[in-house]
Amino acid sequence: MSCRGKLVVHVAENGHSYRLECNECNLVEAVQKLIELMCGISINDQLLFCSDLKLESKRPLSDYKVPSDEREVFLFNKARMRSHSPHPAPEQVEFVNIPDDPPLPSSSHYPHPLDDASDPALKALPSYERQFIYHFQYGDAIFSRTTAKFETCKRLLQEQKVQERALEIARGNLDRLYKVIHQNYYTGFVKCYSRLHHNHTNLLANFGRDIEKLRSIKLPPPLQSAQIKCLLDFVKEENLHKSWEECSSSHKQYENKVSVFNLDFIDLKSSAEHILSDKPSFVIEDLELSIKDHQCCINEQKSIMQALSKDVDTVKKLVEDCLSSQMSSSLRPHDAVSALGPMYDSHEKSYLPKMLSCEREISSLLDSCRDKKNKMNTFVHVFMQKIAHVQGTIKDLCCKFSVLQEALKQLNIQFEQLKVLHGIGPAYRSCLSEVVKRKAEKKIYMAKAEQLVEKLASERDAEVRRREEFLKVHSAYIPRDILASMGLFDIPNPCIAHIAPFDSNLLDIGFSGLERYAPESSLGLSSKSKKHASLRSSLSISNDDSRADEVEGSVEFPEKYDYQEFLEGSELVEIGSTSKMEIENAKLKAELASKIALICSMSVELDYESLDDSKLDSILKNAADKTTEALHLKDEYEKHLQLMLKMKQMECESYQKRIHELEHKLSDQYMRGCQLSADKHVPNFVVSTTKTYNNQSEVLGVGEVHMHPTVKEFSCASTPLKSVITDEHDKPQEGLDDNMMDTSSMINCQLDSSMLDLHCDTGRLCSEGNKTASFPDSVMALGTSNMTISMSHPPDVPSCETAILPGMDAKVSDRVVMELQNSLAEKSSQLCNAETKNQELIDKVSKMGRELDINRKILGESQMKCAHLKNCLHEAREEAQSYLCAAERRASEYGALCIPSIKMHGLFESLRRCVSSVGMAAISDSLCALAQSLASESDDEGCAEFRECIQILADKVGLLSRQHTQLLERSSKAEDENEQLIKELVEKELVNTLYLNHQLENQVPRLCLCCTVSFRISL
């Protein structure tokens, strides 16, 4: 169900708001038509925004979640955003239904019955009534005007707030548009251009150097031809010079275009930042506070109007009372008139002037609001024009940017030939490194194939030996033709590993040839990249898998060099005819060649000069951290392996103890079984063995063998002790794990073979018809070394021809002859097979002889290397011995110096304690005691000298102590004498003073007498 509501539309240019009745299913176009009818703005000039979204004409309002009380739509007029559009007209304020000031009251216009009253007091009451009514009407007119002006101020404030929100919408739209072009276009373009510009500049600057280097590097003789002698011959030099000139010209032209584009973008950036930071010259919050402050004027006018209304009611009541002669005796007309006088004075002097003053304040507020509203309209108009101009500039820059991007692609394609020239040297060195690597890998591959062949040959030998043991045990009881029919005489064919030749066309070159024909200078490294060679090594060797992250994702390599498949067995193992040292050398060569190829690939793609020192330091630090982390993980893994090895060793020791216990038990059981076999009858053995024959496969440790019942009886008679051993051995075997089961089965197999040999001497058996037939007790032995197959007969057993009795009839003789012929044919076929196999073995022996010669040569080289290593070891031992002697000598010297130093340290410590004593006498006594203790302890030369020094020091300190005591005594005496002298001096001064006073007293009378005499004389 559709939702219907009010859609609030704010006009940005003047701040007016409209509420439209609409439905969420309505199209935006319908709303635009209503806006055109109400505002007069055409649909083509309307630009609607809801929050950050632009409203499209053909979409419904529900897509923008309007109408809603929480979302509002802002209308921008495109016509007002054009540069030539006029400024908005000043804001006009109109007041509707505002009453005018009332006319002055007069008795002629408003006559009253009391106007003709004889009493002056009664005659004054109508006059007061008319004046009070006039005051009320005049105040009401003032209040209405003031209220209308105040509401207009509020409306203007609200419109300015709407315009401020519209400006925020416009700023947000411009900010998003500017961020899109700055982040998605300009930043990525500048980064890509800076990298390519740097690479192109280096290619142009190093063009001559690259040509000279390629000309100086000669190809190996197998690769040279009539047209190709050096690396420069891979390309045409004339075309290169022409391409260099074209690239240089295009590079400069494109650089100039990018400079112009950068200047335009800088202007755009400054304009956009200026517009985004541009604000109106006044603050709307201050205006809002001012309006709130003027609310007190309206409240004061309301209170005055209430007072005027009350006074009007009072005077009307007095007049009505006078007319109705209801005036009380206590309230006379004169009293009423005297009470209305002060009220009138308050109207004229207080109420009405206050209302006029409030009106003037509200009028000044309205003027201020109208002025600020006009300023806001002008600011919005100019602001929107600036935004339109900046948006047009952004669109133009987007078009220029697309053109520059396409031109940059074409310029990069144009530089491809120079890139090829720059990358020939590294690619050539990488190819030669790949040749060296493949040669080493081929050697490892062939060694592994040989190892696989030898492993299969050993397994084949084990299987052949097992089959021989099986035939040795059972051929005494089962005829050979039956065994042959069963196919039990076949043996596994030898494994012949045939590897199709590969990498036969590889160039015959090693690391010396690599450095000769493709030196490191072929990489075209600059001085700065050479300075940071450690960076390349750390990036390539320490962490191959994360080298792209180490260089901040600036390089992507299509191929990942991973040679762990060739280095799985890190330990030195000998593979076939290849020695351990050769295998390790091959592995190291393959790894070194792979690292060289990796460095070459990185040198083509990675430009170390584009990285500043801070980035290089950070990359080196990251490489060092990862190396440290890898070493730490290696140590942890080594500890883990050592712990696992200890656990396995403990487990093996427990298994060995268990095996020894089982061996003792089995040997005891075997001895008991032998003792029992001497006492019991053979049929009992047959019966017991027949019962337990089903367990023979477990005792022997081989697969189940199906035999004829008669053969079972003979085999059971030949092995009478297996049941006893097997029955008692199955009990302890239940508590063992799988590994112990395999070990016990191997032991049982050995015991069974030894027990079977005890009963292999039985050559003849008697049948039920008392007929005897001789069976040869021969055993066909198959050589375990695959060299020969031999068949032997015991000398004490007669052949089949001599076994025929003289009295045998013809039928029996014919049957025997037929059997012998069949046996002969079988033996002939076996002989042919043996000859064929013998020939194969002879061929194999010859092949092994050739391999032996090769191995002898390798052995000679290894022995020479071993001799060299022994010499080095001997030199190292001699050097270590010399170092050891020097260390021992220094240790003895240190020991000789250590004891005196410790003694001196103790002596100085004792001296320090003596000196730290309080008082001069105490120090002297301590030093004397120390000297005496040293004299009693040791007579060493150093201690004697130290003791003498301490003794001298003690004497000097004692002397100084005595002198100090004497000086103290003299000082005390001098002080006493000084005090005595001071007392005497004070007494003398006192006597002198008294004497002077006495003289003065004696001279005064004399002077008086002289004066008297002189006066008299003068008279």
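What counts, and where the lines are drawn
By convention here, each chain's residues receive numbers from 1 onward along its written sequence. Local features are withheld for residues below a pLDDT of 70 in this predicted model, meaning they are given only at 70 or higher, and side-chain atom pairs are given and counted only at 80 or more; totals for whole chains, interfaces and linings count all residues. Just so you know, side-chain values use all the structure's heavy atoms and leave hydrogens and water out. Here a helix means four or more residues in a row that DSSP labels H or I, a strand means two or more in a row labelled E, and each is numbered from the N terminus. Expected helix span is computed as 1.5 Å times (number of residues minus one). Two axes enter the bend calculation: one fitted to the seven residues ending at the residue in question, the other to the seven starting there, and the bend is the angle between them. The patches reported here contain residues having more than 30% relative accessible area and no salt bridge. Joining distances are 9 Å for like charges and 5 Å for nonpolar side chains (Val, Leu, Ile, Met, Phe, Trp, Tyr). For accessible areas, the Shrake-Rupley method is used with a probe of radius 1.4 Å. Any residue's cover is judged against the shown protein chains and nothing else. By salt bridge we mean one thing: a side-chain nitrogen of Lys or Arg within 4 Å of a carboxyl oxygen of Asp or Glu. In this tally Asp and Glu are treated as negative and Lys and Arg as positive; neither His nor the chain ends contributes. Think of each charge as sitting on NZ of Lys, CZ of Arg, CG of Asp or CD of Glu. Ring geometry is summarised as follows: Phe, Tyr and Trp rings, the Trp one being its six-membered ring, pair when their centres sit within 6.5 Å, and such pairs are stacked at plane angles under 30 degrees, edge-to-face over 60 and tilted between the two. Burial here depends on accessible area, computed with a 1.4 Å probe over protein chains only, as a share of the maximum for the residue type. Under 20% is buried, over 50% is exposed, and the range in between is partly exposed. Should DSSP find at least two bridges between two strands, the strands are taken to pair.

Trainee: Could you give me a rundown of helix α3 (residues 120-205), with the residues and numbers involved?
Mentor: Under the 1.5 Å per step criterion, the end-to-end length of α3 is 120 Å for 86 residues, consistent within 8% with the ideal 128 Å. The largest bend along α3 reaches roughly 35° and is located at His182.

Trainee: Describe a negative patch on the surface, listing the residues and the values that go with them.
Mentor: A surface patch of negative charge is lined by Glu975, Asp976, Glu977 and Glu979. With respect to the helices and strands, Glu977 occurs in helix α24 (residues 941-1018).

Trainee: I'd like a description of the packing of aromatic side chains, backed by residues and values.
Mentor: Both the distance between ring centres and the angle between the ring planes are used here to describe each pair of aromatic rings. In this structure the tally under the stated criterion is 12 aromatic pairs. Geometrically, the ring pair formed by Tyr128 and Phe132 is edge-to-face, given 6.3 Å between the ring centres and 75° between the ring planes. Here Tyr128 and its partner Phe132 are both found in helix α3, 4 residues apart, which amounts to about one turn of the helix. Measuring from centroid to centroid gives 6.1 Å for Phe189 and Tyr193, while their planes differ by 15°, and the two rings are stacked. Of this pair, Phe189 and Tyr193 both sit in helix α3, 4 residues apart, roughly one helical turn. Residue class for Phe189 comes out buried when judged on its relative accessible area of 4%.

Trainee: Can you tell me about the pairing of strand β5 (residues 73-77), naming the residues and giving the values?
Mentor: Extensive coverage of β5 is indicated by the burial of 5 of its 5 residues. Alternating residues of β5 divide into Val73, Leu75 and Asn77 and Phe74 and Phe76, and every residue in both groups is buried. Taken together, the 3 bridges between strand β1 (residues 4-11) and β5 define a ladder with parallel strand orientation. Along β5, the bridge assignment pairs Val9 with Val73. Pairing between strand β3 (residues 46-50) and β5: 5 bridges, direction antiparallel. Residue Cys50 lies in a different strand from β5, and its bridge partner there is Val73.

Trainee: Go over the pattern of salt bridges with me, naming the residues and quoting the values.
Mentor: The final tally for this structure, using the stated rule, is 33 salt bridges. In this structure, Glu359 and Lys149 form a salt bridge, with 3.9 Å as the shortest nitrogen-oxygen distance. Separated by 210 residues along the polypeptide, Glu359 in helix α8 (residues 333-414) and Lys149 in helix α3 bring together distant segments of the chain. Across the pair, Lys149 and Glu359 agree in class, each one buried. Of the charged contacts in the structure, one is a salt bridge between Arg155 and Glu159, with a shortest N-O distance of 2.9 Å. Of this pair, Arg155 and Glu159 both sit in helix α3, separated by 4 residues, roughly a single helical turn. For Arg155, a relative accessible area of 35% translates into the label partly exposed.

The values are spatial; any link to function lies outside them.
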